[in-house]
Amino acid sequence: MIRFRSRTRAARLALSILAVPLALSPLLTAPAHAIIVYDPTNYAQNVLQAARALQQINNQITSLQNEATMLINQARNLASLPFSSLQQLQQSVQRTQQLLNQAQNIAFDVQQIDRAFQQQYRNVSLSASDQQLVADARTRWQNTVGGLQDSMRVQAGVVGNIDTNRTQMSTLVGQSQGATGALQATQAGNQLLALQAQQLADLTAVVAANGRAQALQSAEQAAAAEQGREQRRRFLTPGSGYQPGNARMFQSGN
């Protein structure tokens with residue numbers, strides 16, 4: 001009886017031992033990809049690598065944005081000013097130049113001035129007739145009056161340019177303040193300098209016209225004084241028809 005129980009226990013033990021491999025056999029025979037294994041360390045490394053890759057992408061995007069902004073700024077700096085006052089300034093200069101070219105009798109020409117002074121403002125010829133002296137004096141007077149008129153015409157033309165210059169200056173200042181880039185600001189500044197140069201040209205023209213008028217007036221006075229001396233000499237020359245005598249201003253009664 002005791003032996004039977006021992007054999008029974010032994011058989012049960014053997015069956016239990018044999019059952020363990022049978023129970024484990026499905027796990028042992030399952031494919032490797034079907035086993036889900038969670039590795040925290042590997043997962044953390046993968047997340048860190050993904051974060052670094054995302055950061056690199058963000059950096060590249062930021063770099064591209066900066067390059068695009070730089071290109072846009074360069075395009076603005078190279079953009080030309082959509083306004084030019086050159087034509088209006090040239091027209092103002094041409095108007096003033098035309099007034100100077102229309103100078104009466106004696107133009108702004110060195111050779112013509114030399115000829116005029118040799119013929120009309122030279123020393124009075126002793127052999128010139130009285131009629132010639134009067135004609136020369138009238139010519140000089142006409143030159144002086146013409147010079148004064150020319151001076152006033154130039155002044156009027158320059159005053160007429162003031163309104164145009166004011167409009168151009170206002171427009172150029174607005175263009176300069178609203179410039180989108182360095183090139184536009186520079187071009188606006190250059191045009192403002194051109195406007196100043198045109199105004200200086202007008203001022204030069206006025207000074208030249210006034211100086212011409214004053215010079216003609218002074219030359220006429222000098223020539224008139226010389227002619228007066230010659231006419232006085234002729235008047236006092238014996239045989240000229242003038243006979244000196246005693247003049248009695250008051251006659252006393254007897």
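Data block above holds the structure.
J.: Would you explain the overall build of the chain in this entry?
T.: Summing up its helical and strand segments, the chain has 6 helices and 0 strands in all. Its helices and strands in sequence order give the chain the pattern α-α-α-α-α-α, from N to C terminus. Long-range pairs, those at least 24 residues apart, make up 83% of the contacts in the chain between residues at least 6 apart in sequence. Accessible surface for the chain amounts to roughly 19,000 Å². Of this, 58% is attributable to carbon and sulfur atoms.

J.: Explanation requested: the nonpolar core in the structure shown.
T.: The tendency in soluble globular proteins is for nonpolar side chains to be buried side by side. Counting residues in hydrophobic clusters, the biggest one holds 7 residues: Leu99, Leu100, Val154, Val158, Ala205, Val206 and Ala209. Breaking this core down by element, the ones donating at least two residues are helix H3 (86-101), helix H5 (130-177) and helix H6 (182-236). With 3 residues, the single largest contributor to this core is H6. Residues within four places of Val154 in sequence aside, it is in contact with Leu99, Leu100, Ala205, Val206 and Ala209. Among the nonpolar cores identified, the runner-up in size contains 6 residues, and Tyr121, Leu216, Ala219 and Ala223 belong to it.

J.: When you look at H3 in this model, what are you seeing that I'm missing?
T.: Three or four residues apart is the spacing at which side chains of an α-helix point the same way, because the helix has 3.6 residues per turn. The end-to-end C-alpha separation of H3 is 22 Å, in line with the 22 Å expected for 16 residues at 1.5 Å each. All of the buried residues along H3 are Leu89, Ser92, Thr96, Leu99 and Leu100. One side of H3 carries all its buried residues, which in axial view fall inside an arc of 110°. Among the exposed residues of H3, those oriented more than 90 degrees off its buried face are Gln87 and Asn101.

J.: Sorry, what's going on with the environment of Leu78 here?
T.: Considering the arrangement of structural elements, one finds Leu78 in helix H2 (residues 40-78). We classify Leu78 as exposed; its relative accessible area is 65%. As for Leu78 and Gln184, which are separated by 106 residues in sequence, their C-alpha atoms are 7.8 Å apart.

J.: Just to check I follow, could you spell out the packing of H3 against H6 for this structure?
T.: The relative placement of two packed helices is expressed as an angle between their axes plus a distance between the axes. Close contact between H3 and H6 brings their axes to 10 Å; oriented N to C, the two are set at 10°. As the angle between them shows, H3 and H6 are arranged roughly parallel. Note on element contacts: H6 touches H3 through Gln191, Ala194, Leu195, Gln198, Asp202 and Ala205, opposite Leu89, Ser92, Val93, Thr96 and Leu100. Each residue belonging to the contact of H3 with H6 can be placed in one class, and the counts come to 6 nonpolar, 4 polar and 1 charged.

J.: Just checking my understanding: could you explain the packing of aromatic side chains for this structure?
T.: Here the structure, examined in full by the defined rule, presents 1 aromatic pair. With a centroid separation of 4.5 Å and an interplanar angle of 25°, the aromatic rings of Phe117 and Tyr121 are classed as stacked. Lying over the aromatic face of Phe108, Arg212 brings its terminal NZ or CZ to 5.4 Å of the ring centre.

Rules used in this analysis
Residues numbered from 1 in each chain as written. Predicted model: local features only at pLDDT ≥ 70, side-chain atom pairs only at ≥ 80, totals over all residues. Heavy atoms only, no water. Helix = DSSP H or I, 4+ residues; strand = E, 2+ residues; numbered from the N terminus. Contact = heavy atoms within 4.5 Å. Areas by Shrake-Rupley, 256 points an atom, 1.4 Å probe, with all protein chains shown as cover. Core = buried A, V, L, I, M, F, W, Y, C linked by side-chain atoms within 4.5 Å. Buried < 20%, exposed > 50% of the residue type's maximum accessible area, 1.4 Å probe, protein only. Expected span 1.5 Å × (residues − 1). Arc of directions from axis to C-beta. Axes fitted to C-alpha atoms, helices over the stretch in contact; angles between N-to-C directions. Parallel < 35°, antiparallel > 145°, perpendicular 65-115°, else oblique. Nonpolar A, V, L, I, M, F, W, Y, C, P; charged D, E, K, R; others polar. Phe/Tyr/Trp six-rings, centres within 6.5 Å; stacked < 30°, edge-to-face > 60°. Lys NZ or Arg CZ within 6 Å of the ring centre and 35° of its normal.

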